[in-house]
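Commentary on secondary and tertiary structure
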Amino acid sequence: MGGRPRETRIAYLLLAPSLFGVAVFLVLPILVVIGLGMQRWDLIGPRTFVGFDNVVAVAEDGRFARSLLVTAVFVAVVIPAQTVLGLGAALLLNRGLRGSTFFRVLYVLPWICAPLVIGVVWRWILAPTDGALNALLGRRVEWLADPALALPSVAAVSVWTQVGYVALFFVAGLRAIPPSVHEAAVLDGAGPWQTFRRITLPLLRPTLFFVLVTGVISAFQTFDSVYALTPKGGPQGVTDVVAGRIYFEAFESRAVGQAAVMAVVLFVLLVVVTVAQQRWFSRRTTYDLST
Amino acid sequence: MTRSSVLRDAATYLALGAGALLTLAPFLLSLMTAVKSPLQFASQPTLQPPNPVTGENFVELFGSRFGFVTPIVVTAQVVAVILVGQLVFSVFAAYAFARLRFPGRDALFWVYLATLMVPQAVTIIPLYSMMADLGLRNTFWGLVLPQLFGSPYAIFLLREYFRGIPGDLLDAAKLDGAGTLRILRHVVVPVSRPILATLTVITVVTHWNNFLWPLVITTGPQWQVITVATAGLQSQYNGNWTIVMAATTVAILPLLVLFLVFQRHVIRSITITGFR
């Protein structure tokens, strides 16, 4: 691509601020985090080079392994739940009933709010003695302090926050399917379940792909709401998600080097998961209705 | 209308209504607690409606003991500065990518897109160390600098829009001898109002709600933003739920109003690209 010198100069002048921002605040940190992973730093004093000591320390750190497991379980609960509920809501919203737009906007409200603030609100709702849920149930359940209940509770709050947002995408995906496709299926004698399973679902595959990939990436990094609901990783560390573990390691234990190694592991993991999802979906056929 | 379709519609409304109740209940319950006196909250059942409705928690919240005015002012300043920076610099970059021809354009745009995949959980530690080296910990600039120079997401969204502007419009301005900045101000920005409104709402929501970066880069009350102040209040006064729910109400309400006013713009843009 050519371009005249004057146009090139103007273009790079216009790009200069964002180029600076991208280079310094998005690309450089990836190099810096690798460097920090080979240093010892307590946030205040000087940094010293320690080579692979941090990597060894992280590999032997049972809490980090546990946080990866906790995050995996969290993702495995939240993603299917929010996807199924989001799709269900979208199917209801797509029946063309009056007021559908109103419900659609209403369902997105939790997602607009700060996850931290949502976490604080639910911490009260789930509080053992004076919380709203136990008052409603008329019994005392330790939603956030019981090691068996803490992770499901935290996951439920996350699902509650995201269902409406996920539904938005499915509504858009459903609208992109021409009515003629469904009419043809009905003429051929297909029942509602068959139509959904054999026609609607395959045609929603691009939407499903987008919802799953972005959902998994953000669920892997969940921090704010978990931090507000269960401080310090929850009872016996059952809600110690990996983003929280990195935060505590760096800013409470002041082991920045080890936290940096954990951050690199998380980054690699996210790239692998994203590529794997991409592969899995591209092996399957997608249907193009645009022609 | 057949009987079965009436039943079907009724069932649909029932399910939609149940969803609405589940969505709204936590907000309404927290608001209810926020307008209840601490005495009533302590002495009567939790679900008892407020009697009388009182604003004392909010008065208390903004008073000297809890000092919630500062976090609101700081958050508003942070959001305003980031908003101006992001809009201006993103418009610049998006225009270059959309309407100018220059060597390296496609490769650079690909790099911008790739950075959308860099997770915040990974950059937080290196950014902290960089800000520490610059002596910007616990400063206003430490809070805003990483976000100030435009966002790849905004650039991506604007570029799509700018590509749709008719070439004649831009050529006419060029023939009149208008420079690039004048074209941007008098042609590009006026015809791009809807997308700029959408971006404004998205940027305000994202940075009003931001927690992790302000949490690590600031200490103490001087530069505390509203999310960090709410988290601090909750952990310090755990159990004083009337005051804590007043804080969450204050943190949520401005965004809900903003969103309801601009919801059409926001919902459309979410479904085009999926923001964040």
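Each value, and the rule that gives it
Residues numbered from 1 in each chain as written. Chains lettered and ligands numbered in written order. Predicted model: local features only at pLDDT ≥ 70, side-chain atom pairs only at ≥ 80, totals over all residues. Domains from an automatic or database assignment. Contact = placed C-beta atoms within 7 Å. Helix = DSSP H or I, 4+ residues; strand = E, 2+ residues; numbered from the N terminus. Nonpolar A, V, L, I, M, F, W, Y, C, P; charged D, E, K, R; others polar. Axes fitted to C-alpha atoms, helices over the stretch in contact; angles between N-to-C directions. Parallel < 35°, antiparallel > 145°, perpendicular 65-115°, else oblique.

1. Regarding the domain arrangement of chain B
Residue and element names in this part refer to chain B.
- What the domain assignment lists for chain B is domain 1 (3-60) and domain 2 (68-273).
- If you average the C-alpha positions of domain 1 and of domain 2, the two centres end up 33 Å apart.
- If you look at the interface, domain 1 gives ten residues, while domain 2 gives eight residues.
- Those elements that provide at least two residues to the side of domain 1 that touches domain 2 are α1 (3-34), α2 (38-43) and α3 (56-62).
- Element by element, the count of residues in the side of domain 1 that touches domain 2 is highest for α1, at four residues.
- Considered class by class, the residues forming the side of domain 1 that touches domain 2 number five nonpolar, three polar and two charged.

2. A few points about the interface of chain B and chain A
- On the chain A side, the residues contacting the 69 residues of chain B number 72 residues.
- Ranked by the residues each element gives to the side of chain B that touches chain A, the list is headed by helix α14 (residues 241-273) of chain B, at 13 residues.
- Classifying every residue of the side of chain B that touches chain A gives 45 nonpolar, 21 polar and three charged.

3. So, the packing of helix α1 (residues 5-36) of chain A against helix α6 (residues 120-133) of chain B
- At a closest axis distance of 8 Å, the pairing of α1(A) and α6(B) adopts a crossing angle of 85°. Judged by the inter-axis angle, α1(A) sits roughly perpendicular to α6(B). Seen from α1(A), the contacting residues are F25(A), P29(A), V32(A), V33(A) and L36(A); seen from α6(B), they are V122(B), T123(B), I125(B), P126(B), L127(B), S129(B) and M130(B).
- Classifying every residue of the contact of α1(A) with α6(B) gives ten nonpolar, two polar and no charged.

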